[in-house]
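Coordinate analysis (summary)
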Amino acid sequence: MKLLSLVLVNLGRNKRRTILTLLSVTFAIFLYCALGGVLDTLAESIKVGSETGLVTRNKISLVFPLPLSYRDRIAAVPGVKRVSVSNWFGGRDPNDPHNFFAQLGVDAATYMPLYRNAAFMSEQTACVVGEALFKRMKWKLGQTVPINGTIYPGSWEFTIRAVYRAKRKSFGEENLLFHWKYLDQHGMGGRALVGIYVLELSDPARASAITREVDAMFENSAAATRTETERAFQAGFISMYGNVPFVLRVIGLAVVFAILLVAANTMAMAIRERTSEIGVLKTLGFEHGTIFRLVLIEAAVITLGGGALGALSAKLLIEGSHFNAMGFLPPMTVRWSTVTAGVGMAVLIGAVSGLIPAWQASRLRIVQALRPAE
Amino acid sequence: MAAIEVRDVYKEYQRDSQRIPVLSGLTLEVAEGDYVALMGPSGSGKTTLLNLVGGIDQPSRGRVVVHGTDIAGLGGRALAQWRSRHIGFIFQLYNLIPVLTALQNVELPLLLHRMSGAERKKRARTALELVGLGDRLGHYPRQLSGGQEQRVAIARALVSDPAVLLADEPTGDLDRKSAEEVLVLLERLNREYKKTILMVTHDPHAAERASRMVHLDKGVLS
Ligand SMILES: Nc1ncnc2c1ncn2[C@@H]1O[C@H](COP(=O)(O)OP(=O)(O)OP(=O)(O)O)[C@@H](O)[C@H]1O
Ligand SMILES: [Mg+2]
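Residues numbered from 1 in each chain as written. Chains lettered and ligands numbered in written order. Predicted model: local features only at pLDDT ≥ 70, side-chain atom pairs only at ≥ 80, totals over all residues. Heavy atoms only, no water.

An unreviewed UniProt entry lists chain B under the name ABC transporter ATP-binding protein, with Eiseniibacteriota bacterium as the source organism.

An unreviewed UniProt entry annotates chain A as ABC transporter permease originating from Eiseniibacteriota bacterium. Regarding chain A, the UniProt comment filed under Subcellular location (unreviewed entry) reads as follows: "Cell membrane". (UniProt positions renumbered as here; feature names shortened; annotations may be inferred.)

Printed below as a string of structure tokens:
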């Protein structure tokens, strides 16, 4: 027998209590990391946009379009290299209403100017899909994908001509891109309305000046614009979530705090039940420090074990779920920093729930501990 | 040199604002190899005296010297180490750790000594054989009779080979037959192994087995 086997034996005294406490810590840390993961994912999605690329949208709201005629006027602003268009299609998979992914009608020649896939470029109803989506749906090249339009009603069909791989993980590989022209002809009756303009700059240093110039140009038009960096545009997207990030953080901390109290109470109870045994150990010559360590290690096994389990399963399960909020967000991410923070929370739980009983146990006077309770 | 020397010891407890004097100027000498029975009415301070001799409590005043060591001069840590080497405790209610086997209970004090796991196990087994429980090594306390539990406790007190054994009513919770076995064992430890024993008891028959009897009443010996 070794000194540490005493810790194991003590953990095994009341197996149900030990396991329940461990699992409650697991659950709390899982939740903490899962909520952290939502924040991570939002933060990742902001990174989608570059700081130098600009997006021009309708000033009133993202849901209102802009006329195509703005395109050439924006392109004429000094410092703007290229202007592309992109419309949110918002269609549904007719076979599975819960299967969401983003579809965007884009002007391919300017949206992805380096992309030259003849099969895609030359066919009106062609589409290019992200590799992750392609694999998940078990699609094949050349296959026709049916989609029910919501913003642009009707049954639509797109033929997969190419698969793309995202350079930036945050851009996501869960998108279906098709020709804006096709959308205009079959969905807008040639009214040529643009969801957003995507501006590429030749002189990124002029970004804020360009922003002002573009918006000033359309200030008195029927549809005023709002131009911002891609990142700010994405952040604005996120701001639709309002106070959600803050609330998530508070909920995560509240759960950790609640479990901290549970764990502290359990440890205190476990040690109180052993008062006379601790008195015996001390009588035999076990020193304060040894008793202190034994109790602290016991608490650490429960809380760190539970915490590590919760944090890692959050990382594995949530990233494995491929949830991406209809393509609004890049695939769910739980950053390692969040996993570390979760384990840190478990350390905090362990410290608070272990240090107090450990200190009390080590200070316990033998004569008091050995006297039968009065 | 006396094995145990208690000189003019006072002990009082503080409860709320009240001071409760328990021992008032008590003096006791126990020679090396002696076997002393300590008797006295309940609440007379027998356990208190034993605690002072065993170094798990400090006197309010006076000197307690065991094998030449003045206990008052030892701090918490040194005192703990001193106890683990020089004193074996035997309690009325055995005080075994319920989740450890007989062998593990006896190994417990040896965890504080530098030795290999095998050596520890060997010594614990020897101690259990000495108390006649060589065939109960893997039993848990709840699987043993009261008498057997007390013998495991005695093996635990012996295993570090201390010179002094302090027993607080070791037969107080046992039937006649088990009590007899424990008393025979203590006698043997005194005679064959030369252990100095100080035993508190209420039982006059048990007290007669000792080589000497002292009475404690109202804080002083008679
Ligand atoms: N920690 C303590 N705090 C306050 N009073 C105490 C404490 N320990 C002992 N006493 C008091 O000291 C007196 C002597 O107690 P002690 O346990 O030494 O008696 P005892 O002779 O062993 O009695 P018994 O035969 O019942 O075991 C009692 O009145 C008891 O209430
Ligand atoms: Mg007593």
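Structural notes on the environment of Arg83(B)
Relative to the assigned elements, Arg83(B) resides in helix α2 (residues 76-86). Along the primary structure Arg83(B) and Pro162(B) are separated by 79 residues, whereas in three dimensions their C-alpha atoms are 8.7 Å apart. Contacts of Arg83(B), omitting those with residues within four sequence positions, involve Lys282(A), Thr283(A), Gly285(A), Ile366(A), Gly54(B), Gly55(B), Ile56(B) and Phe89(B). Within the structure, Arg83(B) has its side chain in polar contact with the backbone oxygen of Lys282(A) (distance 2.8 Å). (Helix = DSSP H or I, 4+ residues; strand = E, 2+ residues; numbered from the N terminus. Contact = heavy atoms within 4.5 Å. Polar contact = N/O pair within 3.5 Å; in protein donor to acceptor, adjacent residues only side chain to side chain.)

Quick notes on the packing of helix α5 (residues 146-158) of chain B against helix α6 (residues 176-191) of chain B
All names here are of chain B. Relative to each other, α5 and α6 sit at 20 degrees, their axes nearing to 9 Å. As the angle between them shows, α5 and α6 are arranged roughly parallel. When you trace α5 past α6, the crossing you get is right-handed. Here Gly147, Gln150, Arg151, Ile154 and Leu158 of α5 come into contact with α6, specifically with Ser178, Glu181, Val182, Leu185, Leu186 and Leu189. For the contact of α5 with α6, the class distribution of residues is six nonpolar, three polar and two charged. (Axes fitted to C-alpha atoms, helices over the stretch in contact; angles between N-to-C directions. Parallel < 35°, antiparallel > 145°, perpendicular 65-115°, else oblique. Left-handed = near helix turned anticlockwise from the far one by under 90°. Nonpolar A, V, L, I, M, F, W, Y, C, P; charged D, E, K, R; others polar.)

Thoughts on helix α4 (residues 117-130) of chain B
All names here are of chain B. With 14 residues, α4 should cover 20 Å at 1.5 Å per step; its first-to-last C-alpha distance of 20 Å lies within 8% of that length. All of the buried residues in α4 are Arg120, Ala124, Ala127, Leu128 and Leu130. Buried residues in α4, looked at end-on, bunch into an arc of 160 degrees, giving them a common side. Seen from the buried face of α4, the exposed residues on the opposite side, beyond 90 degrees, are Ala118 and Lys122. (Expected span 1.5 Å × (residues − 1). Buried < 20%, exposed > 50% of the residue type's maximum accessible area, 1.4 Å probe, protein only. Arc of directions from axis to C-beta.)

Notes on the pattern of salt bridges
Evaluation of the coordinates by the stated rule reveals 31 salt bridges over all chains. Where salt bridges share partners, they join Glu180(B), Glu187(B), Arg191(B) and Arg209(B) into one cluster. (Salt bridge = Lys/Arg side-chain N within 4 Å of Asp/Glu carboxyl O.)

Overview of the side chain of Arg120(B)
By secondary structure assignment, the location of Arg120(B) is in helix α4. For the buried Arg120(B), no salt bridge exists, and the shortest N-O distance to an oppositely charged side chain is 5.3 Å, to Glu107(B). Other than its neighbours up to four places away in sequence, Arg120(B) contacts Met1(A), Glu107(B), Leu110(B), Leu111(B), His113(B) and Met115(B). (Lys, Arg positive; Asp, Glu negative; His and termini not counted.)

Considerations on the sheet that holds strand β4 (residues 61-66) of chain B
Residue and element names in this part refer to chain B. Taken together, the four strands give an open sheet; going across it, the order is β2-β1-β4-β5, and neighbouring strands pair in antiparallel fashion. Only two strands of the sheet have a single neighbouring strand rather than two, namely β2 (18-31) and β5 (69-70). Strand direction decides the pairing type here: strand β1 (residues 2-15) and β2, joined by 11 bridges, are antiparallel. Within β2, the position partnered with Gln14 by the bridge is Arg19. Helix α1 (residues 46-53) contacts β1, β2 and β4 of the sheet and is inclined by roughly 120 degrees relative to β1. (Pairing = 2+ DSSP bridges.)

Let's talk about the site of ligand 1
As a structural note, the neighbourhood of ligand 1 is formed by 15 residues, with Arg371(A), Ser42(B), Lys46(B), Thr47(B) and Thr48(B) the closest of them. Chain contributions to the surroundings of ligand 1 come from chains A and B. In the model, a nitrogen atom of ligand 1 is placed 2.7 Å from a nitrogen or oxygen of the Arg371(A) side chain. Within the side chain of Thr48(B), a nitrogen or oxygen atom sits 2.5 Å from an oxygen atom of ligand 1. Counting residues per element, the shell around ligand 1 draws most heavily on α1(B), which supplies three residues. Considering only residue class, the shell around ligand 1 consists of three nonpolar, eight polar and four charged. (Near = heavy atom within 4 Å.)

Considerations on the pairing of strand β6 (residues 87-90) of chain B
Residues and elements named next belong to chain B. Across the two faces of β6 the burial is the same, with Ile87 and Phe89 and Gly88 and Ile90 all buried. Here β6 pairs with strand β7 (residues 164-168) via four bridges, running parallel. In the sheet register, Phe89 faces β7, and the bridge partner there is Leu166.

A short note on the interface of chain B and chain A
Taken together, the contacts link 24 residues of chain B with 21 residues of chain A. Regarding the contact of chain B and chain A, the summed buried area is about 2100 Å², with carbon and sulfur atoms giving 68% of it. Ranking the residues of chain B by area buried against chain A places Val99(B), Leu111(B) and Leu112(B) at the top, with a combined share of 22%. Of the charged contacts, one joins Arg365(A) and Asp57(B) as a salt bridge, the two residues approaching to 3.5 Å between their closest N and O atoms. On inspection of chain B and its partner chain A, the count reaches six residue pairs in polar contact (both at pLDDT 80 or more). (Buried area = accessible area lost by both parts, 1.4 Å probe.)

Re the UniProt feature "transmembrane region" (unreviewed entry) in chain A
Residue and element names in this part refer to chain A. UniProt feature "transmembrane region" (unreviewed entry): in the numbering of this structure it lies at residues 246-271, 291-314 and 334-356. Structurally, residues 246-271 comprises 100% helix and 0% strand, and the distance from its first C-alpha atom to its last is 37 Å. Taken end to end, residues 291-314 has its terminal C-alpha atoms 34 Å apart, with 100% of it in helix and 0% in strand.

Details of the confidence of the model for chain B
Predicted coordinates in regions of low pLDDT should not be interpreted in detail. Mean pLDDT for chain B: 92, with 100% of residues reaching 70 or above. The ipTM for the predicted assembly is 0.94, set against a pTM of 0.74. (pLDDT = per-residue confidence, 0-100.)

A word on the sheet that holds strand β10 (residues 196-201) of chain A
Strands belonging to one sheet form pairs held by backbone hydrogen bonds; the direction of such a pair is parallel or antiparallel. Residue and element names in this part refer to chain A. Spatially, the nine strands line up as an open sheet ordered β6-β7-β5-β8-β4-β3-β10-β1-β11, and their pairing is mixed. A single partner strand is all that each edge strand has here, and the edge strands are β6 (144-149) and β11 (225-229). Between one strand and the next, the sheet's axes are offset by a mean angle of 35 degrees, whatever the strand orientation. The strands touched by helix α7 (residues 180-187) within the sheet are β3 (80-88), β4 (102-106), β7 (154-164) and β8 (175-179), with β8 carrying the most contacts at an inclination of about 70 degrees.

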